[in-house]
Amino acid sequence: MLRRLLPFSVVALVLAMSGPAFAHEERASQFPSGKGSTPTYRTYQQAADRLVVCKPTSRAAIARIRDAKLRAFNNKLLGQCRFQHLQAAVDAVRRQRTNIYVLPGLYREEPSWAPACTKAYTGGIVEYPLVVSCGEVTNLVTVAGDSPQDADRVCDNALCRLQIEGTGERREDVVLRGGFTKSGDWVKHNGIKADRADGFYLRNLTAELFKENALYVHETDGYVLDEVNARHNDLYGILTFTSDHGLIEDCDASFNGDSGVYPGSAADVNKDSTVTGPLTRYAVEIRRCNTHHNALGFSGTAGNSVWFHDNEVHDNSAGYVTDSFVGGHPGMPQDHAWLTHNRIYRNNSNYVERFVHSGICARVPGKRGYGAGTVCPVFPVPVGTGVMIAGGNRNFVDANQIYDNWRSGVMLFWVPGALRDDTSLAAQYDTSNGNHFTRNLLGRHPSGVVQPNGTDFWWDEQGIGNCWEGNRSAPAAVTSNYPLPVGLPTCSGGGSLLPVGNPAKSATLVPCARYNREDEPDPVGCDWFDSPARPADRQAARGEPPVVAAADGWRVGDLTGLVAAVPPVSGGSGPGAGATALVGLVAMVLIARVLPRPLRRRWS
Amino acid sequence: MRIALVGAAALTTALAGVAAAVPVHTADFALGGVTWRGETALTSLAAYGPRGTDVLTYRHGATGSLTVTVRNTGRFPATVTSLDLGAERLALLSVPSPRRGVELAPGQGRTFTVGVVLGNCRYYHEREVATYDHLRVRFSVIGGTGSRDVRLTRPIVVHSPMIVGCPDRKLDRTRDNRTSP
């Protein structure tokens, strides 16, 4: 009890040393001005200029398009095709508001693999001037909108408001693939990187098999990622960083070693708001996405002002994760995400156990089975968790369906500022305040059958103004780890009152944060990678794949089990590449047919 | 002469046996709280975790010193020969191992200061923390030598920096794998 009377028991033995804002994996980054806007889709007629990219195989692929109107449009574009590589078309853009059409085909972008300008790169930080002069050091396709001749960070060249659109019937008809070199290493870190490229609009294509991110938007004010598929990457499917006015919709993100969708350091547009939500302005809206079979379905260090709604988040190790744990991210601590009307379920896939502890992830990348279901997690999360807020403020988790997550439906815990290099006294208790969890339906499949979470709500009892109200569960009451019989603090009662949590529950992440895929795959004292047991009263839903023994949390119907024997997708050259590619193609077809595709397509 | 040599050998063997039989397991130590002086910050969080947590901010190349009291809680006089954090290979927080020969009588405590270098971030992921939960005390006691891992009052946690804060790190992490160099 004494600890509750001593809310500020922090002693900073040496004063804080403030540092610059560092970017995710790369250079120091800043938020854009926020004066931009989310771009809208631009038709062929509305474009200032049009460029067309195709492959020799495009003609045959177009012939297979069933929709006559779309087929005719593709044939018209085929006659205008002047580029075989997307980067070549990007380099040829001369006017803002240009549309680039990418006809059906597989794009490997071979000229970007190892141009002469990459020879001097030794693997360190990629500063913006290098992105402009030689983006190929990390990117298969680079869209850099800011002239490096001036000191600002403003999009000002012909690549502003660029629209890139795949023209296939399905987004999988246009594939941008990184893949592997003959030695088994990754060809590229990133697929498409839009850097200071305000107004960037990407639509209807697939990007896969990259060392870091399939789609990467950085320091950009105004962007849309529409009907994209981002899969089989070592880190992220979609990563946005220090960007604003974003819309990510109708996406599919799967089999990524970190998260499917990551809007990290999203512009902190509501940092001064004392309202939890809903608010009128968000930095990024993410809707109707299907993010599944990743280590994390969604994540966002400093994932600020994210409006996340009407998404499917399932079969990941953990569903939605946001945190203030990693230093060097602008916009700390995390605040003001709004999660509503999502289905967050069955996030029990234990990829660490299956692929890291088994040694598969220690192989050279090309031999790990990426493209055939392998996921090599790089970030530790508690397997079996629906939503995890590790040091966030004023997040509004309202009216979601959260079920069948065998450890916890929702976890909320404190992260002191010192862990993100903020050693000021005030920063030690500046997270896990003002979060509201309301009107969620827990432990029940939409069909009505009972599919409980291990515990509906897990909380370390820290923070002020956190509250839980109007949540429903089945078949009994909402469950939590809160010890007091009065139950979790309610919103109408003002929420939680004490800044200091329960020491026995806090710091739960510290032993697990020692996790390192290569060197420390099973940290002592960490139980996050132990598969949680299947709840005894779980009922099977109609049409659902059967669940195997709870011991490993793996489902017979998982795609990974189905295609685990399929060799990885190769780099596409060298002896045997044809056969490997064929097998890989079979795997891709299986993926396309087996996985749910809940997203409706829109052709305008 | 031959008898003398055999006798000397026997005596040596006997003495060696005595030395080997020294009950080094009876040497025990306890630690006081850690204090830190250096170019970066140590933040003590008393309520974070069951024992509290000390968080040391990583600045690449920074140095500092940890001061801790070591008390001999065993039954025999012991000479502390070195202290380190008992960390893994290429630890984020490396402690140059000073050879100190400081004798502690049973029940006696002395303050030791050990240097620290923050120098290995290239081998750590930017999301990764290193936790130092104990101090390894190497000692000699009645002619035998040994070491004890003695638990720190609070664990020391160090968070690896982002790549921008770690000039030696490469984007290709396999080159920085600390099991391979």
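Parameters at a glance
Residues numbered from 1 in each chain as written. Chains lettered and ligands numbered in written order. Predicted model: local features only at pLDDT ≥ 70, side-chain atom pairs only at ≥ 80, totals over all residues. Helix = DSSP H or I, 4+ residues; strand = E, 2+ residues; numbered from the N terminus. Buried ≥ 20, exposed ≤ 12 C-beta atoms within 10 Å, placed from the backbone. Contact = placed C-beta atoms within 7 Å. Pairing = 2+ DSSP bridges. Axes fitted to C-alpha atoms, helices over the stretch in contact; angles between N-to-C directions. pLDDT = per-residue confidence, 0-100. Core = buried A, V, L, I, M, F, W, Y, C linked by C-beta atoms within 7 Å.

## Some details on the overall build of chain A
Along the backbone of chain A there are eight helices and 36 strands. Residue burial in chain A is summarised as follows: out of 604 residues, 59% are buried. Considering only contacts within chain A whose residues lie at least 6 apart along the sequence, 68% involve residues at least 24 apart.

## Overview of the overall build of chain B
Helix and strand counts for chain B stand at one helix and eleven strands. Secondary structure elements in chain B, listed N-terminal to C-terminal, are α-β-β-β-β-β-β-β-β-β-β-β. Here chain B, with 181 residues, has 39% of them falling under the buried criterion. Here the analysis covers contacts within chain B between residues at least 6 apart in sequence; of these, 74% occur between residues at least 24 apart.

## Describing the sheet that holds strand β11 (residues 213-218) of chain A
All names here are of chain A. An order of β5-β8-β11-β14-β17-β20-β23-β27-β31-β34 is seen for the ten strands of this open sheet, with the pairing classed as parallel. A single partner strand is all that each edge strand has here, and the edge strands are β5 (139-144) and β34 (455-459). Within this sheet the neighbouring strands show an average axis-to-axis angle of 5°, counted without direction. Note: strand β14 (residues 236-241) against strand β17 (residues 259-264), four bridges, orientation parallel. Bridge pairing links I238 to V261 in β17.

## Here's the deal with unusual backbone geometry
All names here are of chain A. Following G277, the chain continues to P278 via a peptide bond in cis, the omega torsion being 0°. Following M332, the chain continues into P333 via a peptide bond in cis, with omega recorded as -10°. If you trace the backbone, P333 turns up in the loop between β23 (318-323) and β24 (334-335). With phi around 65°, L209 is a residue other than glycine that occupies positive phi space. As for its position among the elements, L209 is in the loop between β10 (206-208) and β11. Backbone geometry at H232 places phi at a positive 60°, although glycine is not the residue there. Considering the arrangement of structural elements, one finds H232 in the loop between β13 (229-231) and β14.

## Considering the pairing of strand β27 (residues 385-390) of chain A
Residues and elements named next belong to chain A. Across the six residues of β27, six count as buried, placing the element largely inside the fold. Pairing geometry for β23 and β27, over five bridges, is parallel. Bridging from a neighbouring strand, V321 pairs with M388 of β27. Examined bridge by bridge, β27 and strand β31 (residues 408-413) share five bridges and lie parallel to one another. Along β31, the bridge assignment pairs T385 with S408.

## Focus: the environment of T145(B)
Within the fold, T145(B) resides in strand β11 (residues 144-159). Setting aside anything within four residues of it in sequence, one finds T145(B) in contact with F139(B) and S140(B).

## Thoughts on the sheet that holds strand β3 (residues 98-102) of chain A
All names here are of chain A. The strand order across the open sheet built from twelve strands is β2-β3-β6-β9-β12-β15-β18-β21-β25-β29-β32-β35, with neighbouring strands paired in parallel fashion. Each having just a single partner strand, β2 (49-53) and β35 (467-469) make up the two edges of the open sheet. Direction aside, neighbouring strands of the sheet carry axes that sit 10° apart on average. With four bridges joining them, strand β15 (residues 244-249) and strand β18 (residues 284-287) adopt parallel strand pairing.

## Describing the interface of chain B and chain A
Bring the parts together and some accessible area is lost; that lost area is often taken as the interface size. Counting residues at the interface gives 37 residues for chain B and 44 residues for chain A. For the side of chain B that touches chain A, the elements supplying multiple residues, two or more each, are β3 (42-45), β4 (53-56), β10 (129-141) and β11 of chain B. Looking at which element gives the most residues to the side of chain B that touches chain A, the answer is β3(B), with four residues.

## A word on the pairing of β3(A)
Residue and element names in this part refer to chain A. For β3, a buried count of five out of five residues is recorded, marking the element as mostly surrounded by other parts of the structure. Burial along β3 is two-sided: T98, I100 and V102 and N99 and Y101, pointing in opposite directions, are all buried. Taken together, the five bridges between β2 and β3 define a ladder with parallel strand orientation. Residue V53 lies in a different strand from β3, and its bridge partner there is V102. Pairing of β3 with strand β6 (residues 163-166) involves four bridges; the strand directions are parallel. Directly across from Y101, in β6, lies its bridge partner E165.

## Points about the environment of Y58(B)
Residues and elements named next belong to chain B. Considering the arrangement of structural elements, one finds Y58 in the loop between β4 and β5 (63-72). Residue Y58 is classed as buried on the basis of its C-beta count, with 25 C-beta atoms lying within 10 Å. For the pair Y58 and G165, spaced 107 residues apart in sequence, the C-alpha to C-alpha distance is 8.8 Å. Beyond its immediate stretch of four places on either side in the chain, Y58 contacts T40, L92, L118, C121, V158, H159, S160 and P161.

## Regarding the confidence of the model for chain A
Residue and element names in this part refer to chain A. Of all residues in chain A, 86% have pLDDT values of 70 or greater, and the mean over the chain is 87. For chain A, helix α7 (residues 559-563) is the element with the lowest average pLDDT, namely 30, and β3 is the one with the highest, namely 99. Low confidence marks residues 548-604, where pLDDT is under 50. Its contacts with residues over four positions away, or in another chain, come to 91 contacts.

## Comments concerning the nonpolar core
Core analysis: the biggest nonpolar cluster contains 178 residues, and V143(A), L215(A), I238(A) and L93(B) have the highest contact counts within it. With seven residues, β10(B) is the largest single contributor of residues to this core.

## Quick word on the confidence of the model for chain B
Residue and element names in this part refer to chain B. For chain B, mean pLDDT is 81; residues scoring 70 or higher make up 78% of the total. Every residue in residues 1-21 scores below 50 in pLDDT, and together they form two contacts with partners more than four places removed in sequence or on other chains. Across the predicted assembly, pTM comes out at 0.87 and ipTM at 0.83.

## Section: the environment of A540(A)
All names here are of chain A. Inspection of the secondary structure assignment puts A540 in the loop between β36 (472-473) and α7. For A540, a count of 13 C-beta atoms within 10 Å translates into the label partly exposed. Placed 95 residues apart in sequence, A540 and H445 show a C-alpha to C-alpha distance of 9.1 Å.

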